[in-house]
Amino acid sequence: EKGGFEHFMIKEIFEQPKAIRDTLSCRVADDGKSVKFDELNWSPEDVNSIGKIMITACGTAYHAGLLAKYFIEKLARIPVEVDIASEYRYRDPLTDSKTLCIIISQSGETIDTLAALKEAKRRGARSLAITNVVGSSISREADQVVYTWAGPEIAVASTKAYTTQLVALLLLALYMGRLNGQLSAEKETEILQDLQKVPEQCQYIFDHADDVKQLAEKFKNKEDVFFIGRSMDYGLAMEGALKLKEISYIHAEAYAGGELKHGTLALIVDGVPVIALATQRDVEEKMISNIKEVKARNAQVVGVVQDDDTEVAKTVDYIIKIPKSDNFVMPVMTVIPLQLLAYYAAVVRGNDVDKPRNLAKSVTVE
Ligand code: BG6
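Since the structure is predicted, the reported quantities are computational estimates derived from the model, not experimental observations.

## Re helix H12 (residues 284-295)
Look at H12: 16 Å from first C-alpha to last across twelve residues, which is about the 16 Å you get at 1.5 Å a residue. When H12 is considered as a whole, its buried residues turn out to be Glu284, Met287, Ile288, Asn290, Ile291, Glu293 and Val294. Against strand E6 (224-229), strand E8 (273-278) and strand E9 (300-306) lie the buried residues of H12.

## Some thoughts on the environment of Lys118
Checked against the element boundaries, Lys118 lands in helix H6 (residues 111-122). A residue is classified by how much of its surface remains accessible, and Lys118, at 43% relative accessible area, is partly exposed. Each C-alpha atom of the pair Lys118 and Thr23 lies 26 Å from the other, and the pair is 95 residues apart in sequence.

## Concerning unusual backbone geometry
Here the phi dihedral of Arg77 falls at roughly 55 degrees; this positive angle occurs in a residue that is not glycine. Secondary-structure assignment places Arg77 in the loop between helix H4 (59-76) and strand E2 (80-84). One non-glycine residue, Asn358, lies in positive phi territory at about 65 degrees. Within the secondary structure layout, Asn358 lies in the segment after helix H13 (330-348).

## As for the site of the ligand
The local shell around the ligand holds 13 residues, among which Ser105, Gln106, Ser107, Thr110 and Ala360 are the closest. Here an oxygen atom of the ligand and a side-chain polar atom of Ser107 are 2.6 Å apart. In this structure, Thr110 approaches the ligand through a side-chain N or O atom, which is 2.5 Å from an oxygen atom. In the complex, 91% of the free accessible area of the ligand, which totals 390 Å², lies under the protein chains. Top element by residues in the shell around the ligand is H4. It accounts for three residues.

Scoring rules and cut-offs
- Note on numbering: residues in each chain are counted from 1, in written sequence order.
- In keeping with the predicted nature of the model, local features appear solely for residues at pLDDT of at least 70, side-chain atom pairs appear and are counted solely at 80 or more, and the whole-chain, interface and lining totals rest on all residues.
- Hydrogens and water are ignored here; the side-chain numbers use all heavy atoms of the structure.
- What counts as a helix is a DSSP run of H or I of at least four residues, what counts as a strand is a run of E of at least two, and both are numbered from the N terminus.
- The span one expects for a helix is its residue count, reduced by one, times 1.5 Å.
- Partly exposed residues are those whose accessible area sits between 20% and 50% of the maximum for their type, while under 20% is buried and over 50% is exposed, using a 1.4 Å probe and protein chains only.
- Note on contacts: a residue pair qualifies if any of its non-hydrogen atoms lie within 4.5 Å across the two residues.
- We define proximity as follows: a residue is near a molecule or strand when any one of its heavy atoms falls within 4 Å of that partner.
- We call two N or O atoms a polar contact when they sit within 3.5 Å, provided that within protein one can donate a hydrogen and the other can accept it, with sequence-adjacent residues counted only if both atoms are side-chain atoms.
- Accessibility throughout is a Shrake-Rupley quantity obtained with a 1.4 Å probe, and a residue counts as covered only by protein chains that appear here.

Next comes the structure, spelled out in structure tokens:
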């Protein structure tokens, strides 16, 4: 059932091109140029009536929500708040009938997330679930559902569910931006065409998986790893750090590139690995300054960059290249080497990769 792979996690990492294609294909118009959501069928008024969006989720799904804030605010100019589900419920949130609550959950069964959805509904919000399981509790509770078509995800550490959540959320941002007039048809087509290239472009990352494996071997006895990034790469840094912690049990922390100097730089000492995500071109120069700050303290820096980068490569010790794409599309591919790093680190440390200690695939207790 693992299809020749040693673990479900690595099988699921390699299934991402198909999962992404399946999630995309039913939401692209026949000419390949615009987004359609038959399951939503919104009018411009449906979007214009949204005062703000609340995204609520747990774990990896929460990290997808962090990126969705960038997608939706930049492309559709609607304010977005992102909350951890178990926090949302108890903070007397500003949610009313002008709020669209987006609930993200792979399993559709996470009790904290389900409770947050019920709370949002109680306060009069409209609700939309992004989930991978047809007929799940969350899909039944929400007003509308957008399914990710990732297929069953068995490994506890989420991989293909996360990338398909990113795809669904980016499509949704494009859809809303077009409906409320914030996004031009040209920009929509540009991003959508880049998104459609992703399944094929993933092959390049898989072809270089051995480079990531070597890094995992090099770092296997480290006690701390830092992930840094700016803008969307900051959200990804959080997911990269979580993945590493969950299955390799190496302590990892994510920091916004610009925030290091406000404290954490004290922890960057000789030999500490820093995974520097620098795929976002608009903040590349700033990231290079942050990389220099950690290099000056003798960190071992892995730069993760677009494949035509020349500048970051000059400042780092190791480089991981990601096929070039639109800024909004980059995260969908950039996370893959981070998943691979966590996977190989867990394997070389002899851990139970698919069933890491103390974690469950879906948590149905509060
Ligand atoms: C956690 C899982 O308990 O639940 C994580 O270990 C997962 O991997 C999180 O991201 C949320 O799960 P779901 O199914 O609601 O997306």
